[in-house]
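Examination of the molecular architecture
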Amino acid sequence: MQQITIIGSGQMGNGIAHVFAQSGYDVTIIDIRQEALDQALITIGKNMERQVAKGIITEEEKNQSLQRIKTTTAFDKGVAAADLVVEAATENIDLKLKIFSDLDRYTKAECILATNTSSISITRIAASTKRGDKVIGMHFMNPVPVMKLIEVIRGYNTSDEVTKQIVDLSLKLGKVPVEVNDYPGFVANRILMPMINEAIFTLFEGVAGVHEIDTVMKLGMAHPMGPLQLADFIGLDTCLSILRVIHDGFGNPKYAPCPLLVNMVTSGNLGVKTGQGFYKYTKGVKELVVADYFTTK
Ligand code: CAA
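These lines cover the structure that appears in this document, whether it is placed above or below. Predicted model, so just to flag it, every value in this text is computed and none were measured.

What follows concerns unusual backbone geometry. Looking along the chain, the bond that leaves N142 and enters P143 is cis, with omega of 0°. Topologically, P143 is positioned in the loop between β6 (135-140) and β7 (149-154). Notably, F186 is not glycine yet its phi reads approximately 50°, a positive angle. Here F186 is to be found in the loop between β8 (176-181) and α8 (188-204). A positive phi is found at A222, a non-glycine position, where the angle reads about 55°. Summarising the element assignment, A222 is placed in the loop between α9 (210-221) and α10 (227-234). Looking at A222, the relative accessible area reads 66%, which means it is exposed.

Turning our attention to the packing of aromatic side chains. Ring pairs (aromatic) are described by centroid distance and by the angle formed between their planes. This model, assessed by the stated rule, comprises seven aromatic pairs. Relative to Y25, the ring of F20 has its centre 5.7 Å away and its plane inclined at 85°; by these criteria the two rings are edge-to-face. For the pair F20 and Y25, a shared accessibility class is recorded, and that class is buried. Relative to F294, the ring of Y293 lies with its centre 5.2 Å away and its plane at 75°, an arrangement referred to as edge-to-face. Residue Y293 is classed as partly exposed on the basis of its relative accessible area of 43%. An aromatic cluster of three or more residues is present, and its members are F20, Y25 and F140.

Scanning all chains against the criterion turns up 14 salt bridges. Between K98 and D102 there is a salt bridge, with its nearest N and O atoms 2.7 Å apart. On the criterion of helical spacing, the pair formed by K98 and D102 is a turn pair, its members being four residues apart in helix α5 (residues 93-106). Exposure remark for K98: the relative accessible area of 48% places this residue in the partly exposed category. Assessed through its relative accessible area of 13%, D102 is described here as buried.

Following the sequence through the fold, T129 ends up in the loop between α6 (122-126) and β6. A distance of 3.1 Å separates a polar side-chain atom of T129 from the backbone nitrogen of R131. Setting aside anything within four residues of it in sequence, one finds T129 in contact with F100, D104, L113 and V135.

What counts, and at which threshold
Residues numbered from 1 in each chain as written. Predicted model: local features only at pLDDT ≥ 70, side-chain atom pairs only at ≥ 80, totals over all residues. Heavy atoms only, no water. Helix = DSSP H or I, 4+ residues; strand = E, 2+ residues; numbered from the N terminus. Buried < 20%, exposed > 50% of the residue type's maximum accessible area, 1.4 Å probe, protein only. Phe/Tyr/Trp six-rings, centres within 6.5 Å; stacked < 30°, edge-to-face > 60°. Salt bridge = Lys/Arg side-chain N within 4 Å of Asp/Glu carboxyl O. Polar contact = N/O pair within 3.5 Å; in protein donor to acceptor, adjacent residues only side chain to side chain. Contact = heavy atoms within 4.5 Å.

Scope: geometric values only; no functional claims are made or implied.
Printed below as a string of C-alpha cells:
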C-alpha cells in the first residue's frame, strides 16, 4: 500500500494527510475548492514547522514529506491510483453516501475505502458500495499529528483481512489502533459526547460557570482541556450532530442534546472556527476568555 487519497482538506483531512506523508506514503488530497486545498498545504507546512522547532523532525524531512503531497479538485483522477482512500468530508450522511458510491465506481477493485466519520454508521456507508468487505472506519483524533489513537471500526461486512491491513497500517503511522464494532458513536464519542453534553447541562442549569466547570475537569480529572473548551475545539455543530446520531441510534432520552447547545449552534456560535463558543477566540491571544454571553446573562 503506497498511494493514499484523502477526501476533504479541512482540519481532519489535512492532519491525516500530514501523518501519511510523514510516514513515507504518497498522498493526494481532494477537495471541491482549490482555495481550501491551498490553505490545507499552508496549515500542514505550519504544523510540520512546529515539529521542526521541537526537534521531532528535521527541516529536510519536512520538505520531503511536503513533496509527497499532491492536491486536486478532480475526483475521478484523484482516486484512480489509490490503494486506500480515507474520506474526511463534512459529517453529512447524504454527502458520504454519494462519495462512497462514486468511490466504488472510480477506484481500483482492490482499493480499501475508509471513512474518518466520528459517528455515522460504517455499515450504512458500506451499503452504498458493492464492496462492503473493504469499507472500514478509521477514526483519527484532533489534532491528528499529536493524538495517538486511531479507532478502527468494523462495519457489519468488513473482512478480517481488511481490518488487519488497517491495523498494521495504523501502527506504521506510529499510532495506536483500537478495534471496535459499529454501533452509534462507536466507543470514543459514545463516552465523550455524553460527558460534553452533561457539562453543557451543568452550565445551562446554573450549577457553575464556564470557567468553573472546565477547571473542575482539568484539575480534578487531569483532562488536558475542560469539556466546554474541548467542545469549542471540536466544533459545537459537530458535537450536536454526533449527539443526534447517538440519540436517534439508541432512541434513549439520556442522549438528548442540551437545549443550550442547540441554541448556540442555531445562532452560529460554533466554537474556535467561528471565533466564539463557550469562550471567545481572538487571533494571537492564547489566554482563555469566557464568551460575553456567559458573563453578562
Ligand atoms: N500539529 C502538530 N503538532 C501540534 C499540533 C498540530 N496540529 N497541535 C499541537 N501540536 C503540538 C505542539 O507543538 C506541542 O508540542 P510539544 O508537546 O512537543 O511542545 C503539543 O502539541 C502541545 O501543544 P500546545 O503547547 O500548543 O498546547 P497544549 O499543551 O495546550 O496542547 C492539545 C494542545 C494537544 C490540543 C491538548 O490541549 C489536548 O490534548 N487537548 C485535548 C485534545 C482532544 O481531546 N482531542 C480529541 C478530540 S475528539 C476527536 O477528535 C474525535 C471526534 O470525533 C470528535
